[in-house]
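Observations on chain architecture
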Amino acid sequence: MPADTESAPRILRPTRAEIRLSAVRENLKKLGKAAAPARLLFVVKANAYGHGATWLARLAEREKLAWGFGVSSVEEGLALRASGLKSPVLVLGSLYPFESFVEAINSDLIVTIASLDAAGQVIEAARKLGKQAVCHIKLETGMGRIGARKPAVLKIYDELSASGAVSVAGMYTHLSSADTDAEYTAAQLSIFSETAAGLEARGARGLILHAANSCAAVNFPDSRMGMVRCGIAAYGLAEGFEPAMSIKTSVVFVKNVREGAYVSYNKSFRAGRPMKIATIPAGYGDGYLRRFSNKADVLIGGLRCRVLGNVTMDMTMVDVTAVKDAAVGAEAVLLGRQGSEEITAGELADIAETINYEIVTLVSARVPRVCIE
Ligand SMILES: Cc1ncc(COP(=O)(O)O)c(C=O)c1O
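Residues numbered from 1 in each chain as written. Predicted model: local features only at pLDDT ≥ 70, side-chain atom pairs only at ≥ 80, totals over all residues.

Spanning 15 residues, helix α1 (residues 21-35) covers 21 Å between terminal C-alpha atoms, matching the ideal 21 Å at 1.5 Å per step. Taken together, the buried positions of α1 are Leu 21, Ala 23, Val 24, Asn 27, Leu 28, Leu 31, Gly 32 and Ala 35. On an axial view of α1, the arc spanned by its buried residues comes to 165°, and they lie on one face. Along α1, the residues that are exposed and aim more than 90 degrees away from the buried face are Ser 22 and Lys 33. (Helix = DSSP H or I, 4+ residues; strand = E, 2+ residues; numbered from the N terminus. Expected span 1.5 Å × (residues − 1). Buried ≥ 20, exposed ≤ 12 C-beta atoms within 10 Å, placed from the backbone. Arc of directions from axis to C-beta.)

As a further point, take unusual backbone geometry. Between Ala 36 and Pro 37 the backbone carries a cis peptide bond, its omega angle lying at 5°. Within the fold, Pro 37 resides in the loop between α1 and β3 (39-43). Geometrically, the link from Tyr 96 to Pro 97 is a cis peptide bond, its omega value of -5° lying close to zero. In this fold, Pro 97 is placed in the loop between β5 (89-94) and α5 (100-106). Phi is positive for Ala 48, which is not a glycine, with a value near 55°. With respect to the secondary-structure elements, Ala 48 resides in helix α2 (residues 45-49). Here the phi dihedral of Ser 264 falls at roughly 75°; this positive angle occurs in a residue that is not glycine. Relative to the helices and strands, Ser 264 resides in the loop between β13 (262-263) and β14 (269-270).

Moving on: the packing of α1 against helix α3 (residues 53-62). One way to put it is that α1 packs onto α3 with a least axis distance of 11 Å and a crossing angle of 50°. Taken as axis vectors, α1 and α3 run oblique relative to one another. α3 is crossed by α1, and the crossing has right-handed handedness. Residues Leu 21, Val 24, Arg 25 and Leu 28 of α1 lie in contact with α3, whose contacting residues are Leu 56, Leu 59 and Ala 60. Taken together, the residues that form the contact of α1 with α3 break down as six nonpolar, no polar and one charged. (Axes fitted to C-alpha atoms, helices over the stretch in contact; angles between N-to-C directions. Parallel < 35°, antiparallel > 145°, perpendicular 65-115°, else oblique. Left-handed = near helix turned anticlockwise from the far one by under 90°. Contact = placed C-beta atoms within 7 Å. Nonpolar A, V, L, I, M, F, W, Y, C, P; charged D, E, K, R; others polar.)

With that out of the way, let us pick up the pairing of strand β15 (residues 275-280). Examined bridge by bridge, strand β12 (residues 253-257) and β15 share five bridges and lie antiparallel to one another. When the bridges of β15 are listed, Lys 255 appears paired with Ile 277. By the bridge criterion, four bridges tie β15 to strand β18 (residues 316-319) in an arrangement that is antiparallel. The residue of β18 that forms the bridge with Ile 277 is Asp 319. (Pairing = 2+ DSSP bridges.)

This part takes up the site of the ligand. Val 43, Gly 70, Leu 92, His 174, Asn 213, Ser 214, Cys 215, Arg 229, Cys 230, Gly 231, Ile 232 and Ala 233 make up every residue found near the ligand. Those elements that provide at least two residues to the shell around the ligand are α9 (214-219) and β10 (227-230). Residue classes in the shell around the ligand are distributed as six nonpolar, five polar and one charged. (Near = placed C-beta within 6 Å.)

What follows is the structure in structure tokens.
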């Protein structure tokens, strides 16, 4: 039975995303062991990739499964603080507008500094508040997103350390291709080590050095250094880990149609024979992509049932001709297991020509997340 819900206090519509805490717990333990002695930063940005950031961060803090949390924005960090979390929180994005530094320092968020401009701004904000700011410097090694190159990193370090207002606690980079290109990853890591040596030569001591995402943490021991930043594996969407999210609903309507009947907008499916069709209350308004039209399967009665016609905003039609007891109220699984069948985020991602990250992150806010132990 559901133990808790993060939104929608009274749920009537049966569509929900179930999040198995035990899966996240085991995944974090496994990552922690693989990374040790490096610490673990649990990346919970974008509402924990759609899984619900608050309760997963609470679980990790309560059971000491991670050193701290990675978020993308000050807002996400403030939300964790508002829910009482005390662990270190690193804001992985570049802060703008610069007033954000004040909010971040006030709430003890660790900020990322990726330019000399930002370094000047964080010093000013810390002085204005009369409170020491803590930052990690971000190095560009080949991701091409945010980050300063080596000479700028050294200057940023000098400026921040000389200010007395900001403590530099770490330096990091982001690996762009750890899952696809070992050579490029090695080249990124080599730029990183050179820069770390440059910082050490300037007197930097005890910095937390980090580069690894989930894939690198598991496959590139050299990338682990002082900390690994794991998202996708914690949610069980990397090989060897247990998926935490299932999306379930119930059939709300069943009908028999004759050969030649059309289903959904623009006659996007035509029955080639008499069929039994179920309607489920989930559609692209829930993040169940229109790309799944006529291609994805839904599990009902333990069988794979093909989506028929276009997925609509709130409802999707499914072929239940082969399902014996297909009736209103029957459980339908859009993502996850039912009996011996399983629909994975990877399978849905292939259909939509995207990655499993996007499938779970796009589950919309109107889908209640139900947490189960
Ligand atoms: C800067 C940074 N670090 C770590 C991660 C975690 O990556 P993954 O989910 O592949 O473990 C991300 C996610 O995109 C990220 O942007």
